Amino acid sequence: MLLDIYIIVLLFVFGLVMGSFFTVVGSRVPKGESIVKPRSHCDYCHHELRWYELIPVLSYVIQFGRCSKCHKKLSLIYPLIELLNGFLYSLSYALYGFSYEMIAFMVISSILILVFVSDFEHMIILDEPLIIGSVIILLLKLYYFGFKTFTTSIYSGLIMFVFMLLVKLIGDKVFRRESLGGGDVKLVTFFGFVFGVRLSFVSVVFGSFFAFPYAIYLSLARKDREVPFGPFLILALLIVFIYMDSIKNLLNMFVYGF
Ligand SMILES: [Zn+2]
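Model, not experiment: these values are computed from the prediction.

**Some remarks on the overall build of the protein**
- The helix and strand tally for the protein stands at 10 helices and zero strands.
- A compact globule built from 258 residues would reach a C-alpha radius of gyration of about 18 Å, and the protein, at 20 Å, matches this within 12%.
- Each of the three principal axes of the protein carries a C-alpha extent, and together these read 60 × 55 × 30 Å.
- Across the 258 residues in the protein, those meeting the buried criterion constitute 33%.
- In the protein, the proportion of contacts linking residues at least 24 apart, taken out of those at least 6 apart, comes to 67%.

Here it is, written out as structure tokens:
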């Protein structure tokens, strides 16, 4: 019990640090900026942050959410994202203990955070996290479930890729504009690696369902027709992952699920 709490706290702190790293990657890399330069600074006065101003969440709280130099309000989004990542990392252990599911859940959480930052801010889903995430998931499959599951997962990813590509190509033709981003296609390929075909489809349906109100809001309030679909997709993936067993039962699906 005490060990469990210790591990959960440790994972929380680790999640905060990684979350902080992800916000930097997600907001800078799509703009073609380096992760290390320029050093992190205040957006208003460009005051360069020192190490004690870079501690995830804590610095924000100590400085009452203001820049130490110009005292302008700092965005609350970043500490919230760090907290969310910390929470998800500790949740992974609380839900699954040390297992395939725990690591897979952490990988999905990390991609969730990255996609949130980069797709909402820049309408871009980065390739690198998806590639790294896919490799980790596939290697885990190989290690925990053997070669057969490993190859099935690869096929599933390819099937989802082809399916989404077809949807995109047909959609582009019908609507005469980009219907689905290339990032969304790659993201759903990752779903295939994680889930196999059937649960990937469930996730895509859930994701579209979540995105729908936001799409309506964008088209009404901002006359904006481009919807960042990625965050909703990956959120659906995480939820389907948590309720995987119930959903599988509900669909009365095949015996072993990956
Ligand atoms: Zn400042």
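**Focus: unusual backbone geometry**
- Residues other than glycine seldom take positive phi values, yet His46 does so here, at roughly 60°.
- For His46, the location among the structural elements is in the loop between α1 (2–28) and α2 (58–62).
- Within the chain, Phe64 stands out as a residue other than glycine whose phi angle is a positive 50°.
- Checked against the element boundaries, Phe64 lands in the loop between α2 and α3 (77–96).
- The exposure class assigned to Phe64 is exposed, which follows from the 10 C-beta atoms found within 10 Å.

**Remarks on the nonpolar core**
- Ranked by size, the top nonpolar core spans 45 residues in total, and within it Ile108, Ile111, Val188, Val194, Leu233 and Leu237 carry the most contacts.
- Among the elements of the structure, α1, α3, α4 (100–122), α5 (127–145), α6 (147–175), α7 (182–195), α8 (197–221) and α9 (230–242) are those that each provide at least two residues to this core.
- Of the residues forming this core, the biggest block, 12 residues, is contributed by α4.
- Of the residues that make up this core, three or more belong to each of domain 1 (1–98) and domain 2 (125–258).
- Those residues in contact with Ile108, other than ones at most four positions away along the chain, are Val194, Leu237, Leu238 and Phe241.

**Thoughts on α1**
- With 27 residues, α1 extends 39 Å from end C-alpha to end C-alpha; this agrees with the ideal 39 Å at 1.5 Å per step.
- Restricting attention to buried positions, one finds in α1 the residues Leu11, Gly15, Leu16, Met18, Gly19, Ser20, Phe22, Thr23, Gly26 and Arg28.
- In the core, the buried residues of α1 are packed alongside α3 and α4.

**Thoughts on α9**
- Its 13 residues place the ends of α9 19 Å apart at the C-alpha level, agreeing with the 18 Å of an ideal helix rising 1.5 Å per residue.
- For α9, the set of buried residues is Gly230, Pro231, Phe232, Leu233, Ile234, Ala236, Leu237, Val240 and Phe241.
- Contacts made by the buried residues of α9 are with α4, α7, α8 and α10 (244–251).

**Comments concerning the domain arrangement of the protein**
- When its domains are assigned, the protein resolves into domain 1 (1–98) and domain 2 (125–258).
- For domain 1 versus domain 2, the separation of C-alpha centres amounts to 27 Å.

**Points about the packing of α7 against α8**
- For the pair α7 and α8, interaxial distance at closest approach is 7 Å and the crossing angle is 135°. Taken together, the axes of α7 and α8 are oblique relative to one another. The element α7 and its partner α8 pack so that their crossing is right-handed. Facing Val188, Phe191, Gly192 and Phe195 of α7, the residues of α8 in contact are Val197, Leu199, Ser200, Ser203 and Val204.
- Along the lines of polarity and charge, the residues of the contact of α7 with α8 split into six nonpolar, three polar and no charged.

**Describing the environment of Gly207**
- Looking at the element boundaries, Gly207 is found in helix α8.
- Along the sequence, Gly207 and Leu95 sit 112 residues apart, while their C-alpha atoms lie 23 Å from each other.
- Filtering out sequence-adjacent residues up to four positions away, Gly207 remains in contact with Phe232, Leu233 and Ala236.

**Quick look at the packing of α4 against α5**
- At a minimum axis separation of 10 Å, α4 and α5 run at an interaxial angle of 170°. One element, α4, and the other, α5, form an angle in the roughly antiparallel class. The residues of α5 that touch α4, namely those facing Tyr100, Ile103, Ala104, Val107, Ile111 and Leu114, are Pro129, Leu130, Gly133, Ile136, Ile137, Leu140 and Tyr144.
- Here the contact of α4 with α5 is built from residues that sort into 12 nonpolar, one polar and no charged.

Conventions adopted
Residues numbered from 1 in each chain as written. Predicted model: local features only at pLDDT ≥ 70, side-chain atom pairs only at ≥ 80, totals over all residues. Helix = DSSP H or I, 4+ residues; strand = E, 2+ residues; numbered from the N terminus. Rg over C-alpha atoms; globule rule 2.2 N^0.38 Å. Buried ≥ 20, exposed ≤ 12 C-beta atoms within 10 Å, placed from the backbone. Contact = placed C-beta atoms within 7 Å. Core = buried A, V, L, I, M, F, W, Y, C linked by C-beta atoms within 7 Å. Domains from an automatic or database assignment. Expected span 1.5 Å × (residues − 1). Axes fitted to C-alpha atoms, helices over the stretch in contact; angles between N-to-C directions. Parallel < 35°, antiparallel > 145°, perpendicular 65-115°, else oblique. Left-handed = near helix turned anticlockwise from the far one by under 90°. Nonpolar A, V, L, I, M, F, W, Y, C, P; charged D, E, K, R; others polar.

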